[in-house]
Amino acid sequence: NLWAPQALWDDAKQKYMVYYSTDVKGSKAVVYSYTSDLFDVTKYSAPQKIGDFAFSNIDADITKVGDEYVLRMAIQRKFMQLFQAHLILFQIRFY
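Draft legend 1. Region of the structure containing the environment of N1. Looking at the element boundaries, N1 is found in the segment before β1 (2–10). According to the relative accessible area criterion, N1 is exposed, its value standing at 68%. Sequence spacing of N1 and S21 is 20 residues, and the spatial spacing of their C-alpha atoms is 8.6 Å. With sequence-adjacent residues up to four places away left out, N1 is seen in contact with S21, T22 and D23.

Put into structure tokens, the structure is as follows:
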């Protein structure tokens, strides 16, 4: 079960970084893999979570801005007795 796949070229690694939303141990998370061939999934590295957040996160978008990469994703959290999902968009910068 995965959704919202995207890919970007990583100049430093000379590979594509493929990232997507999926279920990880009972919560939703954005994960990534590296590959030299987008069309051959046997060449993808093992998926890794983007961050170790204490909340579910989905629907990421990563954009290169100058020498930085900006990550935007939705946070999904449940609260109160209604357990309604609320999405909050946030942004972090990383290199």
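There is more to say after this.
Draft legend 2. Structural context of unusual backbone geometry. Located in the positive-phi region is K25, a residue other than glycine, with phi close to 50 degrees. One can find K25 in the loop between β2 (15–24) and β3 (27–35). Despite not being glycine, D59 shows a phi value in the positive range, around 55 degrees. With respect to the helices and strands, the residue D59 is situated in strand β5 (residues 56–65).

Draft legend 3. Highlighting the sheet that holds β3. The antiparallel open sheet is built from 4 strands, whose spatial order is β1-β2-β3-β4. Among the strands making up the open sheet, the edge pair consists of β1 and β4 (48–49). Both β3 and β4 contribute to a ladder of 2 bridges, which runs antiparallel. Its bridge partner being in β4, Y32 is matched across the sheet by Q48.

Draft legend 4. Highlighting the pattern of salt bridges. Taken as a whole, this structure holds 3 salt bridges when the rule is applied. The salt bridge partner of D23 is K28, with a shortest N-O separation of 3.0 Å. Judged by its relative accessible area of 28%, K28 falls in the partly exposed class. Note that D52 is salt-bridged to K49, the shortest N-O span being 3.9 Å.

What counts as what
Residues numbered from 1 in each chain as written. Predicted model: local features only at pLDDT ≥ 70, side-chain atom pairs only at ≥ 80, totals over all residues. Heavy atoms only, no water. Helix = DSSP H or I, 4+ residues; strand = E, 2+ residues; numbered from the N terminus. Buried < 20%, exposed > 50% of the residue type's maximum accessible area, 1.4 Å probe, protein only. Contact = heavy atoms within 4.5 Å. Pairing = 2+ DSSP bridges. Salt bridge = Lys/Arg side-chain N within 4 Å of Asp/Glu carboxyl O.

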